[in-house]
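Chain residues, written in single-letter form:
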Amino acid sequence: MLRVRSLKSYYESICALKAVSLHIVKGEIVTLIGANGSGKSTLLNTIVGLMGRTEGSILFEGREILGVPPSDIVKRGIALVPEGRQLFSPMTVIDNLILGTYPYYSINNKKRAVDRIEWIYELFPVLGERKRQLAGTLSGGEQQMLSIARALMSDPRLLLLDEPSMGLAPKIVESIFETLIDLKKKTDLTIFLVEQNAKLALDVCERGYVIETGQIILSGDRDELMNNKEVLRAYLGGD
Amino acid sequence: MSIWNEKYETMSRPELGQEQLERLQQTLGRVYRRVSYYHELFNRIGFDPLEVTSLDDLKKIPFTTKDTLRIAYPYDMFAVPLREVVRMQSTSGTTGQPLIVGYTKNDVEHWTELTARVLAAGGVTKDDIIQISFPYGLFTGGLGFHYGAEKIGASVIPCSDTDIDNQITIMRDYRTTSLCCAPTFAALLLEMIDEKSVTPAELSLRRALLGAEPWNESFRNEMEEQLDLDVTDNYGLTEIMGPGVSYECGEKKGLHIAEDHFIPEVIDPKTGELLPHGEKGELVITTITKEAYPLIRYRTGDITSLMTEPCPCGRSLVRMTRVFGRIDDMIILNGQNMFPAQFEQILTEVIGETPNYQLVVSQEDNIDQLEIQIEVSQDIFDDEIKTLNRIERGVAREVKERLDFVPRITLVEPRSIVRRMKQSRVIDLRKPE
């Protein structure tokens, strides 16, 4: 589904991603783990077209998307749940959700958006209960749900999640992940999960990559990564 | 003859190319950071692992040779600290000082997966009783196959290298269905059958998987006919991992290379130039998943060629032809290159089966001489002198015709040439002691 080859990404003259190659097969949950500043968010931002200077190739469903404007990338079926949620706090839950329908919204035909919102309320009942509330007044966990829900509004085939666990209580994180896994089972959504919380990420993924100072240093299925002493020591608190 | 790992063994070529690129980039980065030999080499030639954008970039790196590994003995080529190593194995030392190879937990898991692929491709299932007659211990054959066979769920008899009589008793009484051994051992088994020490009807054998030494098609035919078996070939070498590098499927036409773990190339052994697919040359392997002992463009010393045509079995992995011989076994006779396999073919054709034989090279008055010592069976030996003469003349004529020189031929009694696994067929008396 997604095939990244030798991707480089720059902030001005600083090379933040160095020859990154990775792939995601339809229906998989793949994770990318790495420390702060290792290039995780840069990679997601590059995939969705938010980085200026890039080299290499990103094929999504066989078509090149490197250099394509972010708005078109969303239309092609990729949605990002950004780090720190990035909600519009002074707007209501429902307004935030409608913003997510941008790729297909039309003033004359609101049916698709309305149906989709109903579906979201089934998935996250708490958002239905608080649809008129301002996003900024929601709790952290609810805000994260709203951020995910907004991304799902565009009906993506590939969902990119940037540190969804950040700043949330373990119990809340668990429930968000349960919802995601459940969703993946029902809809064959493909998920690329970027996390600092390696234990959590490895628990839910099938395969993963490890990034360090802008390069992928390791990849493998879940068990291979859990067996690797380097991963154990650096990310899982093992000896 | 099933496919053990559908995902990787039948993966489309573009997907496989993507996996290989990802794993190669990670491996090159890792050896640059962790192995001082590669760190210095890359610096010296100005090779930046971060500039690798395609598999072709591999060509920019010089070959790794066995000599490099010897200099690094014991641990200098390891890419992980010893506390991460869970196993050590050693090369047999056929061509000099043995080497130590280490494995991490993941390396052992991968190795197990790969020998399971070999066994499954050869027809082994969980319902089989498998006798592993490779030596256990530092040699990779025994433990390598043992883990794979257990993973499949077969009933494993870890026979190792106990004597042949004991092995045959076990084979008969335990009702072994699958035999995993070296061709030397298989030849001994056939001899025992010839000598009526055991009859095929007493055995339950249905397949044999041979590896660790070169062997040939006529031996396969002989063994398959005499014992009514499927006999398949497999290949591996300790420096790279052990058995599991490549393996035959039910088609028996070439050995599939586990390309999701190894990138193969074939080069001209003299010039180091990359040869096109189909041409015979030295096999070079780059490991792309090894953690403890990764090697970049390692010259295996084995002569083969690559076949890229799709295989009817459904595996997308490239195939190599059975190993023709080792570079070290190459005989240079009065300036001409020859391999034991060429003599073996002539002997097989003239005699009708592959005999045990030895090539002795010497020098008289600055001219290289070759003596072919051929072990003939008791039947032939007891026969009229006419048969012996026919063999001698036949071999001499064919050698003259195909290799353009006249050898000296000596027929010797059965069991007079020592059989030892991995033993070279060539004794070169020209080499100074």
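Draft legend 1. Here's a closer look at the pairing of strand S19 (residues 367-375) of chain B. Residues and elements named next belong to chain B. Burial within S19 is extensive, with seven of its nine residues counted as buried. As defined by bridge partners, strand S18 (residues 357-364) adjoins S19 across eight bridges and the pair is classed as antiparallel. In the sheet register, Tyr357 faces S19, and the bridge partner there is Ile374. In sequence, S18 turns back onto S19 through a hairpin of two residues, with Asp365 there showing a positive phi of about 50°. Here S19 pairs with strand S20 (residues 408-412) via five bridges, running parallel. Bridged to Ile372 within S20 is Ile409.

Draft legend 2. Quick peek at the interface of chain A and chain B. Each partner contributes to the interface: chain A provides 26 residues, whereas chain B provides 24 residues. Sorting the residues of chain A by area buried against chain B places Arg3, Arg5 and Asn227 of chain A first, and these three jointly supply 21% of that buried surface. Counting across the chain A and chain B interface gives three salt bridges. Of the charged contacts, one joins Arg34 of chain B and Glu230 of chain A as a salt bridge, the two residues approaching to 3.0 Å between their closest N and O atoms. Here chain A is connected to chain B by 20 residue pairs in polar contact (both at pLDDT 80 or more). When contributions to the side of chain A that touches chain B are tallied by element, the ones reaching two or more residues are strand S1 (2-11), strand S2 (14-24), strand S9 (207-212), strand S10 (215-221), helix H9 (222-227) and helix H10 (229-235) of chain A. When grouped by side-chain class, the residues that make up the side of chain A that touches chain B number eight nonpolar, seven polar and 11 charged.

Draft legend 3. How the structure looks around the domain arrangement of chain B. All names here are of chain B. With domains assigned, chain B is organised as domain 1 (1-327) and domain 2 (330-428). Domain 1 and domain 2 are separated by 30 Å when their C-alpha centres are compared. Facing 22 residues of domain 1, the contacting portion of domain 2 comprises 15 residues. Across the interface of domain 1 and domain 2, roughly 1,500 Å² is buried in total on both sides, 55% from carbon and sulfur atoms. For the pair domain 1 and domain 2, the interface holds zero salt bridges. Sorting the residues of the side of domain 1 that touches domain 2 by element identifies helix H8 (183-194) and helix H9 (217-227) as the ones contributing at least two each.

Rules used in this analysis
Residues numbered from 1 in each chain as written. Chains lettered and ligands numbered in written order. Predicted model: local features only at pLDDT ≥ 70, side-chain atom pairs only at ≥ 80, totals over all residues. Heavy atoms only, no water. Buried < 20%, exposed > 50% of the residue type's maximum accessible area, 1.4 Å probe, protein only. Helix = DSSP H or I, 4+ residues; strand = E, 2+ residues; numbered from the N terminus. Pairing = 2+ DSSP bridges. Contact = heavy atoms within 4.5 Å. Buried area = accessible area lost by both parts, 1.4 Å probe. Salt bridge = Lys/Arg side-chain N within 4 Å of Asp/Glu carboxyl O. Polar contact = N/O pair within 3.5 Å; in protein donor to acceptor, adjacent residues only side chain to side chain. Nonpolar A, V, L, I, M, F, W, Y, C, P; charged D, E, K, R; others polar. Domains from an automatic or database assignment.

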